[in-house]
Amino acid sequence: MTADTATSIAFEPAQRVRAIGVSEILRITDHANALKRAGRPVIVLGAGEPDFDTPQNVREAAVRAIGRGDTRYTVLDGSPAMKAAVQLKFRRDNALDFALDEISVSAGAKQVIFNALMASLNPGDEVILPAPYWTSYADIVQICGGVPVPVAGTEANGFRLDAAQLEAAITPRTRWLFLNSPSNPSGAAYSADQLKPLCEVLLRHPQVWVLADDIYEHILYDGLAFATPVAVEPRLRERTLTVNGVSKAYAMTGWRVGYGAGPRALIAAMAVVQSQTTSCPSSVSQAAAIEALTGPQDIVAERCADFQARRDFVVAALNRAPGLHCRVPEGAFYTFASCAGVLGRRTRGGALLQTDSDFCRYLLQDFEVAVVPGSVFGLAPYFRISYATSMAQLEEACARIIAACAALE
């Protein structure tokens, strides 16, 4: 083989990533931001990121850590002080008691999930994903050799999985069930009473583990009480990983700190995975996260109230748009609205809207509003709006969406 021949051989991606692309949410957001940079007045309602600043006390804690020289490696899966802060959080907020070696800290909740699946899935193992689901779940399952098993929720049931659906989805190959409450993208939340029937099914299937993604725990509305599976059914403790982080409640997305708590054997296996990927999370970010979890919590409730006001506005506005319908979400900062009523209609330019992706493309191209189609989350025809932005932006965006729907022929 000559040197010229060698340089002409095309790169072939590994099979595990061949069918997976960069997150569609990030792709849509990047495209919308590129249009903004080109001078178009695009409003981006795609990213799941609070528009608030990280609280001042949290930022100051990071500065103090830098001043002390706390800038070196910490323990692989979280410093003792960070794990103690997580331990305190679970006791205070969920009445759950975890030992320090039952806690793992990573560079974001996404890495906690990845570590858990990489450490536990064998080729062909199945993971039940109640749909609509956060798009990264399915991709992570596939990268780790597993098989995503979507189970579609219905709007009539608040997009929640019911016990009969769960029972029917479980097979001898089922390894995990994911439960995300409040949910990205639907905002749906499970009460303790709604979790109990699911827990009863799980007790009959001891091979099925539970991944409880509680990242939106503190963004819950209308006085609803938060519930997590292990608190509802303690007998599931030895096969449940409870995942959380500081990104959403404390507006710390860029700090990259997430954590999980579960059985020692799983946590130890997750540490092996982390040891060969990122190693420890940032020491400075851990110092900030400790302050977030252990410091004053008033700001969390204050910001939740702001999110609720935005939710109420967006839901009301979408329900005024011809052809759209939006249920009231219980938590998170997303609406998941049906666009079934506009499909089959044409834009003034003559384009036929056949799918939720067509509708979202129309909103961006003709009315300069970026949203995410429900098909990305495993359930169509819907679209997700992130209302984690200013009320002024939301007012303008919703006015454009209403105008877009009214303009269809």
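Keep in mind it's a predicted model, so treat the numbers as computed, not measured.

**A closer look at the domain arrangement of the chain**
Right, on to step 1. Along its sequence, the chain is carved into domain 1 (20–49 + 299–407) and domain 2 (72–295).
Right, on to step 2. Each of domain 1 and domain 2 has a C-alpha centre, and these two points are 27 Å apart.
Right, on to step 3. Taken together, the 30 residues of domain 1 in the interface contact 34 residues of domain 2.
Right, on to step 4. Across the interface of domain 1 and domain 2, roughly 2700 Å² is buried in total on both sides, 59% from carbon and sulfur atoms.
Right, on to step 5. Considering only the side of domain 1, the residues that lose the most area to domain 2 are Ile 20, Arg 327 and Glu 330, jointly responsible for 22% of the buried surface there.
Right, on to step 6. Linking domain 1 with domain 2 are 2 salt bridges, by the criterion used here.
Right, on to step 7. As a salt-bridge pair, Glu 330 and Arg 160 come within 3.5 Å of each other at their nearest N and O atoms.

**So, the packing of aromatic side chains**
Right, on to step 1. Evaluated as defined, the whole model comprises 16 aromatic pairs.
Right, on to step 2. Consider the rings of Trp 134 and Tyr 137, whose centres lie 5.5 Å apart with planes at 85 degrees: the pair is edge-to-face. For the pair Trp 134 and Tyr 137, one class covers both residues: buried.
Right, on to step 3. Chaining the aromatic ring pairs together yields one cluster made of Phe 52, Tyr 216, Phe 307, Phe 333 and Tyr 334.
Right, on to step 4. Positioned over the ring face of Phe 90 is Lys 89, at 5.3 Å from the centre of the ring.

**Observations regarding helix 7 (residues 135–143)**
Right, on to step 1. Along helix 7, the residues that are buried comprise Thr 135, Ser 136, Tyr 137, Ala 138, Ile 140 and Val 141.
Right, on to step 2. Considering only its buried residues, helix 7 is in contact with helix 3 (24–37), helix 6 (109–120), strand 3 (126–131), strand 4 (147–152), strand 5 (174–180) and strand 6 (209–213).
Right, on to step 3. Immediately downstream of helix 7, the backbone of Gly 145 shows phi near 90 degrees, a positive value.

**With respect to the environment of Pro 172**
Right, on to step 1. In this fold, Pro 172 is placed in the loop between helix 8 (163–169) and strand 5.
Right, on to step 2. The class of Pro 172 is exposed, set by a relative accessible area of 80%.
Right, on to step 3. Residues Pro 172 and Ala 289 lie 117 residues apart in sequence; the distance between their C-alpha atoms is 40 Å.

Rules used throughout
Residue numbers run consecutively from 1 along every chain, following the written order of its sequence. Two thresholds apply to this predicted model, a pLDDT of at least 70 for residue-level local features and 80 or more for giving and counting side-chain atom pairs, whereas whole-chain, interface and lining totals are computed over all residues. The side-chain quantities take in all heavy atoms of the structure and omit both hydrogens and water. Residue ranges assigned to the domains are those given by an automatic or database domain assignment. Contacts were defined at the residue level, with two residues in contact if any of their heavy atoms lie within 4.5 Å. Reported buried area values correspond to the accessible surface (1.4 Å probe) lost by two parts on association, with both partners' losses combined. By definition, a salt bridge exists where a carboxyl oxygen of Asp or Glu is found within 4 Å of a side-chain nitrogen of Lys or Arg. What counts as a ring pair is set by centres within 6.5 Å for rings of Phe, Tyr and Trp (its six-membered ring), and what kind of pair is set by the plane angle: stacked under 30 degrees, edge-to-face over 60, tilted for all other angles. A 1.4 Å probe rolled over the protein chains alone gives each residue an accessible area, and that area as a share of the maximum for its type sets the label: buried under 20%, exposed over 50%, partly exposed in between. Each ring is checked for a lysine NZ or an arginine CZ that lies within 6 Å of its centre and within 35 degrees of its normal; such an atom marks a charge sitting over the ring. Numbering goes from the N terminus for both helices and strands, where a helix is a DSSP run of H or I of at least four residues and a strand is a run of E of at least two.

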